Amino acid sequence: MKWLSRVVGLSMCTSAKYSSRGPALIPRMKTKHRIYYIALFSVVLLGLIATGMFQFWPHSIESTADWSLDKRSVHDAPLVRLPFSSPIPERGDLSCRMHTCFDVYRCGYNPKNRIKVYIYPLQRYVDEVGVAISSTGLSREYNDLLSAISDSDFYTDDVTRACLFIPSIDVLNQNSLRIRETAQALALLPRWDRGMNHLLFNLLPGGPPDYNTALDVPRDRALLAGGGFSTWTYRQGYDISIPVYSPLSAEVELPERQPGPRHYFILSSQTAIHREYRAELEQLKAENGEAVLLLDRCSNLSQGVASARKRCHKGQVYDYPQILQESSFCVVLRGARLGQAALSDVLQAGCVPVVVADSYILPFSEVLDWKRASVVIPEDKLPEMYTILKSIPHRQVEEMQRQAHWFWEAYFSSMKAIGMTTLQIINDRIYPYAAHTYEQWNNPPVVKWSSVNSPLFLPLIPPRSPGFTAVVLTYDRVESLFRVITEISKVPSLAKLLVVWNNQNKSPPEESLWPKIAVPLRVVRTKENKLSNRFFPYDQIETEAVLAIDDDIIMLTSDELQFGYEVWREFPDRLVGYPGRLHLWDHEMGKWKYESEWTNEVSMVLTGAAFYHKYFNYLYTYKMPGDIKNWVDNHMNCEDIAMNFLVANITGKAPIKVTPRKKFKCPECTAIDGLSLDQTHMVERSECINKFASVFGTMPLKVVEHRADPVLYKDDFPEKLKSFPNIGSL
């Protein structure tokens with residue numbers, strides 16, 4: 001178009017020029033023709049610009065008003081009258097799965113890996129004679145849910161870009177719905193298309209006398225986020241089991257209660273449970289006395305006292321849900337409906353729920369590991385409940401109490417939490433390569449898994465990261481520590497140096513006394529003198545690569561350290577280190593033996609000088625099996641062996657020894673004032689191997705005859721042409 005404009009402009013200028021100098025080369029254009037062509041070109045140009053703006057400007061052929069009750073009242077919403085002959089959706093396809101009843105192509109490519117959710121504008125539906133389809137209209141809970149979604153990153157007001165559609169028709173409580181008319185209202189939604197890519201939220205399914213475990217409203221292929229699914233109605237991988245929201249969550253704020261033993265061992269606080277269950281619980285209490293507390297609805301309350309906030313036992317009144325904090329385990333039984341709001345109350349109190357409801361699909365069980373926060377007992381095992389719960393170790397009970405409260409806090413505490421969790425689960429299905437990991441779903445925020453990626457999955461070679469962080473564990477050997485810092489600072493790929501000061505009785509040197517190096521140097525003071533402090537996932541570690549090094553390893557050259565880092569970059573799922581060790585089977589003694597003699601075989605590299613991925617810090621600190629971490633801290637030994645066991649067990653691979661150097665000044669071998677003078681040290685190292693093998697239930701360590709050396713390191717070649725000329729000898 002610019003080229004055409006230049007031609008027109010050129011012809012006009014030429015015509016004007018030659019009109020004053022005799023005959024023109026181009027015949028003179030008449031004024032009326034010139035105006036006509038200018039107008040024509042202008043119209044064409046404006047048309048192209050308008051087309052481009054329409055093509056690329058966000059637009060919609062339907063309403064784009066934000067969903068918000070703040071902008072208009074429910075009573076002001078448009079009225080929609082449903083003819084009696086309006087179509088009714090099909091009952092619901094139990095065979096639906098994401099690959100059969102969900103159109104993922106509507107979601108399209110999204111650089112943020114986030115689905116877009118559209119909420120239909122609010123409308124009031126009535127039948128032919130003007131009777132509403134719901135007795136409650138829009139509940140406060142559903143309003144909170146839709147408002148939270150509309151304020152989230154999932155929301156879009158452009159229906160053409162939506163991947164998921166949520167009706168503004170409240171079906172949370174089936175008791176308030178007219179089934180046929182609600183189904184007709186769903187079928188009238190502009191984008192219904194047999195329920196494809198539509199999501200319905202329902203907390204209380206079914207009605208008397210059967211109380212089905214899924215919403216009875218015919219809904220075609222729509223996804224259902226339901227509270228109280230059974231294995232018969234739940235479409236695995238399609239529907240989402242959600243908790244039955246407890247209004248007490250917003251009304252009652254419980255004081256923080258630390259995990260540990262409680263006044264009662266087992267507590268039952270549900271009302272209106274089946275008489276057979278009540279009889280079995282009464283028998284349980286008769287056998288175990290004061291350890292079991294059975295509560296029921298109060299019948300002697302003063303007028304005006306909210307019965308939902310009280311429970312009674314033999315005339316004694318207890319505040320509810322506060323009383324739940326006084327028990328280690330709280331029973332959650334099936335009622336008329338399979339899903340119970342009591343589960344949410346129990347989790348809020350940090351009481352471990354004992355779920356006795358056969359075929360119940362626990363909320364968000366697609367992503368949450370309920371074994372960490374609850375005990376599920378078959379209904380026919382209810383009389384054995386006390387014995388089953390007594391077999392759980394105290395430490396495990398405390399972990400379950402902590403996990404139970406965190407589950408409530410993260411996923412149960414509000415309609416917003418329930419809605420966001422539901423959408424995230426669907427989002428993970430659509431974008432599985434960017435899905436939340438098990439750790440992100442199940443570990444409390446103190447474990448910052450989001451800051452670290454696992455090296456155990458493709459791509460194995462990490463991106464070019466900003467070098468490595470050297471973590472030096474020290475106690476009080478300041479002179480040796482400063483020498484180590486000075487030597488490490490010469491390594492080109494060093495990004496940061498972190499000193500873990502493990503001495504609580506002595507302060508680190510003043511800042512002015514520390515060596516001056518070109519990279520940041522940080523000092524972390526620990527609360528206890530533990531060897532495991534070396535492997536804590538400190539926030540200061542920002543690189544993927546970590547170099548663990550003792551404060552007396554001063555013989556490694558900068559070339560050796562740089563080469564070790566380059567080897568780790570090729571094998572980021574391995575331990576890459578310098579001092580190699582071996583485990584052997586002692587046939588005479590019938591147990592494993594630790595070996596530090598020089599051999600060609602290696603099964604461990606000591607973390608007194610080793611590179612590894614920071615992901616293993618999280619595993620060591622939060623996922624180490626059994627009591628290994630406590631064993632290490634109590635014996636002040638074997639943290640390096642424990643890390644070798646952990647990495648080998650996770651990866652199934654051997655460590656990599658780097659460079660030919662075998663002699664190291666380390667507490668284990670040649671230190672004059674170290675632990676080597678203690679004759680029991682090597683024996684205890686062998687005991688560690690046997691202890692860890694027992695805890696792991698196997699021997700994960702792999703023996704290899706392999707070592708990584710630089711190319712040309714032994715060749716007769718000019719040193720200045722070698723990448724790593726200064727490699728230590730044997």
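In the annotation of an unreviewed UniProt entry, the protein chain is listed under the name Exostosin-2 and assigned to Synaphobranchus kaupii. What the UniProt record of the protein chain gives under Pathway (unreviewed entry) is the line "Protein modification; protein glycosylation." Reading the Cofactor (unreviewed entry) entry of the UniProt record for the protein chain gives the comment "Mn(2+)".

All right, on to the sheet that holds strand β9 (residues 292-294) then. Taken together, five strands build an open sheet; the order of strands is β9-β8-β12-β13-β14 and the sheet is parallel. In this open sheet, the two edge strands, each paired with only one partner strand, are β9 and β14 (375-376). The sheet contact formed by strand β13 (residues 352-356) and β14 spans two bridges and is parallel. When the sheet's bridge partners are listed, V354 is paired in β14 with V375. Docked against the sheet, helix α7 (residues 275-288) engages β8 (264-268), β9 and β12 (327-333), running at close to 145 degrees with respect to β9. Set on the sheet, helix α10 (residues 394-412) makes contact with β12, β13 and β14; between it and β13 the angle comes to about 90 degrees.

Below, the discussion takes up the side chain of T543. Here T543 shows up in the loop between β17 (521-525) and β18 (545-550). In this structure T543 comes out as buried when scored by relative accessible area, which is 4%. For T543, the side chain forms a polar contact with the side chain of T469, separated by 2.8 Å. Here A545 takes part through its backbone oxygen, which lies 2.8 Å from a polar atom of the side chain of T543. Sequence-distant contacts of T543, that is, excluding residues within four places in its chain, are made with P466, G467, F468, T469, A495 and K614.

Another point: the state of the cysteines. Tallied over the entire structure, the rule returns five disulfides. Covalent S-S linkage joins C330 and C351, the inter-sulfur distance amounting to 2.2 Å. Here C330 and C351 share a disulfide; its torsion about the S-S bond, 105 degrees, makes the bridge right-handed. With a gap of 21 residues between them, C330 in strand β12 and C351 in the loop between α8 (342-348) and β13 connect regions that are remote in the sequence.

The next point concerns helix α5 (residues 179-187). Among all positions of α5, only E181, T182, A183, Q184, A185 and L186 are buried. In this fold, the buried residues of α5 make contact with β3 (124-126) and β5 (199-202).

The next point concerns the environment of W514. Assignment of secondary structure puts W514 in the loop between β16 (494-501) and β17. Through-space distance from the C-alpha of W514 to that of F482 is 7.0 Å; in sequence the pair is 32 residues apart. Among the polar contacts made by the side chain of W514, one reaches the main-chain carbonyl oxygen of P509 at a distance of 3.0 Å. Engagement of the side chain of W514 in a polar contact is seen with the backbone oxygen of E510, the distance being 3.4 Å.

Here we come to the pattern of salt bridges. It is possible for side chains of opposite charge to pair when their charged atoms get near one another. On inspection of all chains with the given rule, the structure shows 27 salt bridges. For R534, the salt bridge identified is with D550, shortest N-O distance 2.1 Å. With R534 in the loop between β17 and β18 and D550 in strand β18, this pair connects stretches of sequence that are 16 residues apart. Three or more residues joined by partner-sharing salt bridges are found here, namely D103, R106 and D193.

In this structure, the amide linkage connecting P208 to the following residue, P209, adopts the cis form with an omega of 5 degrees. Considering the arrangement of structural elements, one finds P209 in the loop between β5 and β6 (223-226). Here the residue pair Y320 and P321 is connected by a cis peptide bond, since its omega of 15 degrees sits within 30 degrees of zero. With respect to the helices and strands, P321 occurs in the loop between β11 (316-319) and β12. Located in the positive-phi region is D193, a residue other than glycine, with phi close to 45 degrees. Inspection of the secondary structure puts D193 in the loop between α5 and β5. A relative accessible area of 46% means that D193 is categorised as partly exposed.

Cut-offs and rules
Sequence order as written defines residue numbering, which begins from 1 separately in each chain. Two thresholds apply to this predicted model, a pLDDT of at least 70 for residue-level local features and 80 or more for giving and counting side-chain atom pairs, whereas whole-chain, interface and lining totals are computed over all residues. Excluded from the side-chain calculation are hydrogens and water; included are all heavy atoms of the structure. UniProt positions are given in the numbering used here, feature names are shortened, and annotations may be inferred rather than shown by experiment. A pair of strands counts as paired when DSSP detects no fewer than two bridges linking them. Helix and strand definitions follow DSSP, with helices as H or I runs of at least four residues and strands as E runs of at least two, each counted in order from the N terminus. It only takes one pair of heavy atoms within 4.5 Å for two residues to be counted as in contact. In this description, a line fitted to the C-alpha atoms serves as the axis of each element, helices being fitted only across the stretch in contact, and the angle between N-to-C directions of two axes falls anywhere from 0 to 180 degrees. Think of it in three bands: residues with accessible area under 20% of the maximum for their type are buried, residues over 50% are exposed, and the middle band is partly exposed, with areas taken using a 1.4 Å probe on protein chains only. Any pair of nitrogen or oxygen atoms within 3.5 Å is treated as a polar contact; in protein, a donor-acceptor pairing is required on top of that, and neighbouring residues in sequence qualify only through side-chain atoms on both sides. By convention in this document, the label disulfide applies to cysteine sulfur atom pairs within 2.5 Å. By definition here, a salt bridge exists when the distance from a side-chain nitrogen of Lys or Arg to a carboxyl oxygen of Asp or Glu is within 4 Å.

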